[in-house]
Amino acid sequence: MATYSCTAVRIPTYRAHSESIVIETELPVDVDAARQALEEAPGVKLVDDTANDKYPMPLTATGQEDVEVGRLRKSLVFGDYGLEFFVSGDQLLRGAALNAVLVAEAMIENESIVAKGIVNA
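The rules behind the values
- Residues numbered from 1 in each chain as written.
- Predicted model: local features only at pLDDT ≥ 70, side-chain atom pairs only at ≥ 80, totals over all residues.
- Heavy atoms only, no water.
- Helix = DSSP H or I, 4+ residues; strand = E, 2+ residues; numbered from the N terminus.
- Buried < 20%, exposed > 50% of the residue type's maximum accessible area, 1.4 Å probe, protein only.
- Contact = heavy atoms within 4.5 Å.
- Areas by Shrake-Rupley, 256 points an atom, 1.4 Å probe, with all protein chains shown as cover.
- pLDDT = per-residue confidence, 0-100.
- Polar contact = N/O pair within 3.5 Å; in protein donor to acceptor, adjacent residues only side chain to side chain.
- Phe/Tyr/Trp six-rings, centres within 6.5 Å; stacked < 30°, edge-to-face > 60°.
- Lys NZ or Arg CZ within 6 Å of the ring centre and 35° of its normal.
- Core = buried A, V, L, I, M, F, W, Y, C linked by side-chain atoms within 4.5 Å.
- Pairing = 2+ DSSP bridges.

Novice: In this structure, what is going on with the overall build of the chain? I would like to understand it.
Specialist: Along its length, the chain carries three helices and five strands. Taken from N to C terminus, the helices and strands of the chain fall in the order β-β-α-β-α-β-β-α. Taken over 121 residues, the chain has a buried fraction of 23%. A separation of at least 24 residues holds for 52% of the contacts in the chain among residues at least 6 apart in sequence. Here the chain has roughly 8400 Å² of accessible surface; of this, 56% comes from carbon and sulfur atoms.

What follows is the structure, given as structure tokens:
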């Protein structure tokens with residue numbers, strides 16, 4: 001089971017928020033494999049080009065449904081058994097309400113719940 005720690009950054013921004021996330025894993029982490037997994041993950045936009053000043057920021061995350069993820073690196077604390085990254089997301093477009101809808105849609109699709117009251121025209 002992985003252990004994690006998140007630090008929310010609460011500074012005056014228009015409508016997005018950010019978190020610094022540190023994960024401890026049971027197995028060694030391959031940062032390149034993690035990067036590829038994040039690139040392929042739905043709802044995630046990998047923004048991780050620090051050489052060109054491209055990384056997640058509330059300003060650039062505002063107005064998009066995807067959450068920006070970047071500054072991906074091996075954990076300084078957990079070494080090969082950890083990963084650190086930074087995320088920014090629009091709290092109005094990718095907040096609890098949208099996540100609730102996405103979870104409900106997935107549950108209907110995998111039939112763990114049944115939609116009621118839907119009438120086909």
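Novice: How should I be thinking about the confidence of the model for the chain in this particular structure?
Specialist: When pLDDT is low, close inspection of the predicted coordinates is not appropriate. Taken as a whole, the chain shows an average pLDDT of 85; of its residues, 85% reach a score of 70 or greater. Element-level pLDDT for the chain is lowest in strand E1 (residues 3–9), with a mean of 68, against a maximum mean of 95 in strand E3 (residues 44–46).

Novice: What is the right way to look at the environment of Met107 in this model?
Specialist: With respect to the element layout, Met107 can be found in helix H3 (residues 96–109). A residue is classified by how much of its surface remains accessible, and Met107, at 31% relative accessible area, is partly exposed. Once residues lying within four places of it in the same chain are set aside, the contact partners of Met107 are Ser112 and Ile113.

Novice: In this structure, what is going on with the side chain of Arg15? I would like to understand it.
Specialist: You can see Arg15 is positioned in the loop between E1 and strand E2 (16–24). Polar side-chain contacts of Arg15 include one of 2.8 Å to the side chain of Asp90. Excluding anything up to four places from it in sequence, Arg15 contacts Thr62, Gly63, Gly89, Asp90, Gln91, Leu92 and Leu93.

Novice: What am I meant to see in the packing of aromatic side chains here?
Specialist: The way to describe two aromatic rings as a pair is by their centre distance and the angle between their planes. Here the structure, examined in full by the defined rule, presents zero aromatic pairs. Directly above the aromatic system of Tyr55 lies the positively charged group of Arg71, at a separation of 5.3 Å from the ring centroid.

Novice: Looking at this structure, I do not really get the nonpolar core. What am I missing?
Specialist: Generally speaking, nonpolar side chains in soluble globular proteins are found buried as a group. Ile21, Val31, Ala34, Leu38, Val69, Leu72, Leu83, Phe85 and Val87 form the largest nonpolar core, which has nine residues in total. Breaking this core down by element, the ones donating at least two residues are helix H1 (31–40), strand E4 (67–75) and strand E5 (79–90).

Novice: Is there a simple way to think about the pairing of E4 in this case?
Specialist: Successive side chains on a regular strand alternate, one facing one side of the sheet and the next facing the other. Here E3 pairs with E4 via three bridges, running parallel. Bridge pairing in E4 places Lys45 opposite Glu68. Here E4 runs beside E5; their pairing, made up of six bridges, is antiparallel. Looking across to E5, one finds that Glu68 is bridged to Ser88. Where E4 folds back onto E5 in an antiparallel hairpin, the turn is made up of three residues.

Novice: How do you make sense of the pairing of E5 when you look at a structure like this?
Specialist: Pairing of E2 with E5 involves nine bridges; the strand directions are antiparallel. Bridge pairing in E5 places Ser20 opposite Phe86.

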